[in-house]
Amino acid sequence: MASGFADKRGIAASAVLAALAVAVAVLVATLPPVEQLGRLVRLVVFHGASTWVNLATFTFAGITALAFLLSGGERLYAWASGLRWFSMPLWVLNTALGVLSARMAWGSVEWGEPRLRMTFWVLLGAGLVVAADLAFSRPRVTAALDVGLAAALWFGIAVSPNVVHPDNPVLNSDWYIKGPFFVMVAAIMAIALISSWLLSRRAGAAAEGPA
């Protein structure tokens, strides 16, 4: 009975994910062109919204991992795992989108830009955390790495200046751009949390082993 209820919740969550994905796609497709970027603004806005969410998911992974280290709650570690496994591929996507949008907007990519280099360092760090999780299966070690990665991420943001990338391009835009952007952030955040919850269920089931 409990298993059937859990399966129904999983199916409902998947349906909500599909609806949210469609909503995000519609928001992106209906953004009006702007003077400087034209229709490329759609890629830029989506990339910005997705990156904001990605920063939040890495942060939440670090916070829940720290809570696990302090309390030992297995459910907290399952949540940290779900957030980690969602954050890693999203960061890969956002890194690729950042490079693509720079190439399309400016005709070249400034590989030496501090923010771009920081992006690749975070990608490497996230890959090492995932590799450690797969190779050693030591929750406390992986949780400590999650905390370290979240701290390193925000340290990198704080000390890496913008050389090429403009400061807050979306937030400095008119509301017909900012409005959809914030709705997009909310929708992608909902996708992130639901997906992380589904992944955390798998992580929790794997930790419990066969009944």
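One can find the structure itself at the top, above this paragraph.
Scope of this entry: the structure provided in the associated data block. (Residues numbered from 1 in each chain as written. Predicted model: local features only at pLDDT ≥ 70, side-chain atom pairs only at ≥ 80, totals over all residues. Heavy atoms only, no water.)

**Considering the packing of helix H4 (residues 114–136) against helix H5 (residues 139–159)**
Moving on, step 1. Viewed as axis vectors pointing N to C, H4 and H5 meet at an angle of 180°, and their least axial separation amounts to 10 Å. Between H4 and H5, the angle falls in the class roughly antiparallel. In this structure, H4 uses Arg115, Met118, Val122, Gly125, Ala126, Val129, Ala132 and Asp133 to contact H5, whose residues at the interface are Thr142, Leu145, Asp146, Leu149, Leu153, Gly156 and Ile157.
Moving on, step 2. Class assignment for the residues of the contact of H4 with H5 results in 9 nonpolar, 3 polar and 3 charged. (Axes fitted to C-alpha atoms, helices over the stretch in contact; angles between N-to-C directions. Helix = DSSP H or I, 4+ residues; strand = E, 2+ residues; numbered from the N terminus. Parallel < 35°, antiparallel > 145°, perpendicular 65-115°, else oblique. Contact = heavy atoms within 4.5 Å. Nonpolar A, V, L, I, M, F, W, Y, C, P; charged D, E, K, R; others polar.)

**Here's the deal with the packing of helix H2 (residues 41–71) against helix H3 (residues 74–106)**
Moving on, step 1. Relative orientation of the contacting elements H2 and H3 amounts to 155°, with a least axis distance of 8 Å. Between H2 and H3, the angle falls in the class roughly antiparallel. The two elements H2 and H3 cross, and the hand of that crossing is left-handed.
Moving on, step 2. Considered class by class, the residues forming the contact of H2 with H3 number 22 nonpolar, 11 polar and 1 charged. (Left-handed = near helix turned anticlockwise from the far one by under 90°.)

**Section: the environment of Pro180**
Moving on, step 1. On the secondary structure map, Pro180 appears in helix H6 (residues 175–208).
Moving on, step 2. C-alpha separation for the pair Pro180 and Val45, spaced 135 residues apart in sequence, amounts to 8.8 Å.

**What about the nonpolar core?**
Moving on, step 1. Among the nonpolar cores identified, the biggest contains 28 residues, and Val24, Val45, Ile177 and Met184 are the most heavily contacted of them.
Moving on, step 2. Elements represented by at least two residues in this core include exactly helix H1 (2–29), H2, H3 and H6.
Moving on, step 3. Counting residues per element, this core draws most heavily on H6, at 12 residues.
Moving on, step 4. Residue contacts for Ile177: discarding those within four places in its chain leaves Leu31, Pro32, Val34, Val41, Val45 and Val170.
Moving on, step 5. If you look at the next biggest cluster of nonpolar residues, it comprises 12 residues, including Met118, Val129, Val130 and Leu149. (Core = buried A, V, L, I, M, F, W, Y, C linked by side-chain atoms within 4.5 Å. Buried < 20%, exposed > 50% of the residue type's maximum accessible area, 1.4 Å probe, protein only.)

**Brief notes about the packing of aromatic side chains**
Moving on, step 1. For the structure shown, the criterion picks out 7 aromatic pairs.
Moving on, step 2. On the numbers, 5.1 Å between centres and 45° between planes, the contact of Phe68 with Tyr77 is tilted. Here Phe68 matches Tyr77 in class, with each residue buried.
Moving on, step 3. An aromatic cluster of at least three residues, connected via ring pairs, comprises Trp52, Trp175, Phe181 and Phe182.
Moving on, step 4. A cation over a ring is seen here: Arg140 above Phe68, with NZ or CZ 5.7 Å from the ring centre.
Moving on, step 5. Directly above the ring of Trp175 sits Lys178, whose terminal nitrogen or CZ lies 4.5 Å from the centroid. (Phe/Tyr/Trp six-rings, centres within 6.5 Å; stacked < 30°, edge-to-face > 60°. Lys NZ or Arg CZ within 6 Å of the ring centre and 35° of its normal.)

**Here we look at a nonpolar patch on the surface**
Moving on, step 1. A cluster of nonpolar side chains, Trp52, Trp175 and Phe182, forms an exposed patch at the surface whose accessible area comes to about 350 Å².
Moving on, step 2. Within the secondary structure, Trp52 is located in helix H2.
Moving on, step 3. Take Trp52: its relative accessible area is 38%, and that puts it in the partly exposed class. (Patch = residues over 30% accessible without salt bridge, like charges linked within 9 Å, V, L, I, M, F, W, Y side chains within 5 Å. Areas by Shrake-Rupley, 256 points an atom, 1.4 Å probe, with all protein chains shown as cover. Salt bridge = Lys/Arg side-chain N within 4 Å of Asp/Glu carboxyl O.)

**Describing unusual backbone geometry**
Moving on, step 1. A positive phi angle, close to 50°, is found at Ser137, a residue other than glycine.
Moving on, step 2. Tracing the sequence through the fold places Ser137 in the loop between H4 and H5.

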